[in-house]
Amino acid sequence: MTAVLYLNNQITQAVSDIQMGIGGGGLIIKDGAEYTGTAHKITPNSKDPRTVIATVKNSKEVLLITIDGRGEYKGMTHKDLVSFLKSYNVKDAMYFDGGGSTTMVARNEGETKVTVQNYPSDGNQRKVINGVGVFTTSQPGPAYKLYLSTAFNRTFLGESMSLNLRAVDENENPVSIDKSKVTYSVSGVTGNFEGSKFIPTSIGKALIVASYEGIDVGYEIQVSTPVGIRVEPSNLQVSENSTKIVKVYGIDTDGYSMPLSEGAIKWTSSNNTVGATNNTVVTKGKTTALLRAEYKGVKANLGVIVGNITNAIESFETNKASWGGDTSTVKGNVIICNDEKYKYHGNKSVKMTYTFEKSQDKQVAYTLFNTPIAIPGDAMSVNMWLYGKKQGDVAKIEVVDSNNKKFYLKLTDSIDFNGWKYVSATLPEEMVLPAKVTKFYTYANSVNEKKTTAIYLDHVSITRGFRGKSGLNTRDDFRFDPWYKKTLQGPKDGQYMINVVGSTKVSSMSLNKEAVQKIGNQLSNQTSLVVMAAKNNMSLPLNTKSISYKNTYEITDYANTV
């Protein structure tokens, strides 16, 4: 067979004995060396997903390679890829379409269907113009080899474990199994087999053996009792008169999680308007409820919010506000503002104008609400919209609870924004609800130059939820990690404490000097070295040595320990 390539109606190349030909994105390796001729190098300097076909020196092997990138996968640059391919003794290599098109499908051992083997960066498959497929032409034969697997190689005492047994012939073709001829046995633990399911009745390491037509295969599992459980999601927002399915996972002594059978979970509720059966949450009316899942003595909470999560409680259409009073250094006034520019919701907002004199003493400006703003009993936080003018002051609210106890809650460390911004204050667990917002105020710890400025308040709301409940607002299953310690032991003689921190610079948020200093102090506390494990970092006042990740592999010698 002879192939002829035409370019601009001119014959440019003739190749004999071609059995397959396919176009790609450019040569990477030719005759074992990086190809430096004219070729399309796809995003050569970016770490992106890659798709490659390659041949191996002195071999009949063809390599089909996908390299994931983006998200939690790093990808490779063109240079990275060249080094990687050389390590596999590649003779020639060519690009296929990469990026979001990088996809590999294959039939796993004993399976009849192909499945995606990599993690496409789009999150799903994309239509591409070409690709390479490898297919067997041999006819299926008798079973030659067995494969045994489970969804998890760990389980809990009394939990049913499904066994997936597959067979292939000598050419790795899948072979159908007559389940009536399969036998199972177990050693290391006791248990019962029900068809292709195993239910352990004791704990420990076990070996399950499957036998079929004189062929055996073994599979190791670990059986234990859970030290904890978790519900996902741990917070649930649903409509009235609706149902929602959740999942419950057991956590073993090594920190691994496995799903638990629905019927084994005992559910109780703090509110008869919400309940759960077989991991299905059922709601009747608008409320908040705390559900508790219990499994063999260990428990976890599920917070359920029926109805809207956020409810507006004040937009100052009728409520009035007044100035908290002048002092020797603070002057101001409060009005209801009708200016279109300075209202976020409705027709009005509250405007507080204030003057701080030059002083090294703390100065405070107050707005008093003529009718305190009511906070209902299911609130988790109070939120409002502020229109700032980059005055840099701290903003807080005064909240009085049902026991007349006053709380001073911070909305923002610094009014460092110009225009409207959504701010929020979490209500502490010890606050007895319902409560009321009585004051809004700003303050500065010191003022270098006299300033007059204004701030606008509008659209106060509450977020419904649960205050201080472990595992609801943040994940807390780290408690069951065998390596977790509540407090770290300080370094002893010959030991070093190293703090590793992710990105400290976020474009959507800026911190004032006080907050930056606190971060620096905390990272430096009892620490010999701070490792910045991200490229984006702010300048921090560290009083110890630090190194930053430079998006490349490197070795650092610290105190002759490397």
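The sheet built from 3 strands is open, its strands ordered β12-β15-β16 with antiparallel pairing. Each edge of the open sheet is held by one strand with a lone partner, namely β12 (145–149) and β16 (174–175). Here β12 pairs with strand β15 (residues 164–168) via 5 bridges, running antiparallel. Residue pairing across strands places Lys-145 opposite Val-168, the latter belonging to β15.

Structurally, the position occupied by Ser-524 is in helix α2 (residues 513–524). A distance of 3.2 Å separates a polar side-chain atom of Ser-524 from the backbone nitrogen of Asn-543. With residues near it in sequence (within four places) discarded, Ser-524 still touches Pro-541, Leu-542, Asn-543 and Thr-544.

What follows covers the environment of Val-382. With respect to the helices, strands and loops of the structure, Val-382 is situated in strand β37 (residues 379–389). For Val-382, a relative accessible area of 0% translates into the label buried. A C-alpha to C-alpha distance of 9.6 Å links Val-382 and Thr-310, two positions 72 residues apart in sequence. If we ignore the near neighbours within four places in the chain, the residues touching Val-382 are Ile-375, Ile-397, Leu-411, Val-423, Ser-424, Ala-425, Leu-427, Val-437, Val-460, Ser-461 and Ile-462.

Right, let's talk about the side chain of Asn-173 for a bit. Along the chain, Asn-173 falls in the loop between β15 and β16. Among the polar contacts listed, one links the side chain of Asn-173 to the side chain of Ser-138, at a separation of 2.9 Å. Sequence-distant contacts of Asn-173, defined by excluding residues within four places in its chain, comprise Thr-136, Ser-138, Gln-139, Pro-140, Ala-167 and Val-168.

Attention now moves to the pairing of strand β42 (residues 451–464). Burial runs high along β42: 12 of the 14 residues are buried. Pairing of strand β35 (residues 349–356) with β42, which is carried by 7 bridges, proceeds in the antiparallel orientation. In the sheet register, Lys-351 faces β42, and the bridge partner there is Tyr-456. In this structure, β37 lies alongside β42, joined through 7 bridges in antiparallel fashion. Directly across from Ala-379, in β42, lies its bridge partner Arg-464.

All right, on to helix α1 (residues 78–86) then. Think of an α-helix as 3.6 residues a turn; residues three or four steps apart then line up on the same face. Among the residues of α1, those classed as buried are His-78, Leu-81, Val-82 and Leu-85. Burial along α1 is one-sided: seen end-on, the buried residues are contained in an arc of 105 degrees. Opposite the buried face of α1, at more than 90 degrees from it, the exposed residues are Lys-79 and Ser-83. The secondary structure elements touched by the buried residues of α1 are β3 (26–30), β4 (33–34), β5 (50–56), β6 (62–67) and β9 (90–96).

Let's shift gears to the pattern of salt bridges. Within this structure, the stated rule accounts for 16 salt bridges. Between Arg-154 and Asp-254 there is a salt bridge, with the nearest N and O atoms lying 3.0 Å from each other. On the criterion of sequence distance, the pair formed by Arg-154 in strand β13 (residues 154–156) and Asp-254 in the loop between β25 (247–251) and β26 (257–259) is long-range, its members being 100 residues apart. Residue Asp-254 is classed as partly exposed on the basis of its relative accessible area, which comes to 43%. One connected set of salt bridges, linked through shared partners, spans Asp-31, Lys-91 and Asp-92.

Glancing now at unusual backbone geometry. In this chain, Glu-232 is followed by Pro-233 through a cis amide linkage whose omega measures -5 degrees. Examined against the element boundaries, Pro-233 turns out to sit in the loop between β22 (228–232) and β23 (235–238). Leu-433 connects to Pro-434 through a cis peptide bond whose omega is 5 degrees. Checked against the element boundaries, Pro-434 lands in the loop between β40 (418–426) and β41 (435–444). Located in the positive-phi region is Phe-316, a residue other than glycine, with phi close to 60 degrees. If you trace the backbone, Phe-316 turns up in the loop between β32 (310–314) and β33 (321–323). Among the residues examined, Phe-316 registers a relative accessible area of 0% and is labelled buried. At Lys-390, a residue that is not glycine, the phi angle is positive and equals roughly 55 degrees. As for its placement among the helices and strands, Lys-390 is situated in the loop between β37 and β38 (394–400).

What follows deals with α2. Between its first and last C-alpha, α2 extends 16 Å over 12 residues, near the 16 Å set by a 1.5 Å rise per residue. All of the buried residues in α2 are Ala-515, Val-516, Gly-520, Leu-523 and Ser-524. For α2, the arc enclosing every buried residue in end-on projection is 165 degrees, short of the 170-degree limit, so these residues lie on one face. Of the exposed residues in α2, those oriented more than 90 degrees away from the buried face are Lys-518 and Gln-522. Elements in contact with the buried residues of α2: β43 (498–501) and β44 (529–532). Positioned one or two residues after α2, Gln-526 has a phi angle of 55 degrees, which is positive.

The next subject is the sheet that holds β25. The antiparallel open sheet is built from 3 strands, whose spatial order is β22-β25-β26. Among the strands making up the open sheet, the edge pair consists of β22 and β26. Sheet twist, expressed as the mean angle between neighbouring strand axes with direction ignored, is 35 degrees. With 5 bridges connecting them, β22 and β25 associate as antiparallel partners.

Conventions used here
- Residues numbered from 1 in each chain as written.
- Predicted model: local features only at pLDDT ≥ 70, side-chain atom pairs only at ≥ 80, totals over all residues.
- Heavy atoms only, no water.
- Pairing = 2+ DSSP bridges.
- Helix = DSSP H or I, 4+ residues; strand = E, 2+ residues; numbered from the N terminus.
- Polar contact = N/O pair within 3.5 Å; in protein donor to acceptor, adjacent residues only side chain to side chain.
- Contact = heavy atoms within 4.5 Å.
- Buried < 20%, exposed > 50% of the residue type's maximum accessible area, 1.4 Å probe, protein only.
- Arc of directions from axis to C-beta.
- Salt bridge = Lys/Arg side-chain N within 4 Å of Asp/Glu carboxyl O.
- Expected span 1.5 Å × (residues − 1).
- Axes fitted to C-alpha atoms, helices over the stretch in contact; angles between N-to-C directions.

Function cannot be inferred from these measures alone, as they are strictly geometric.
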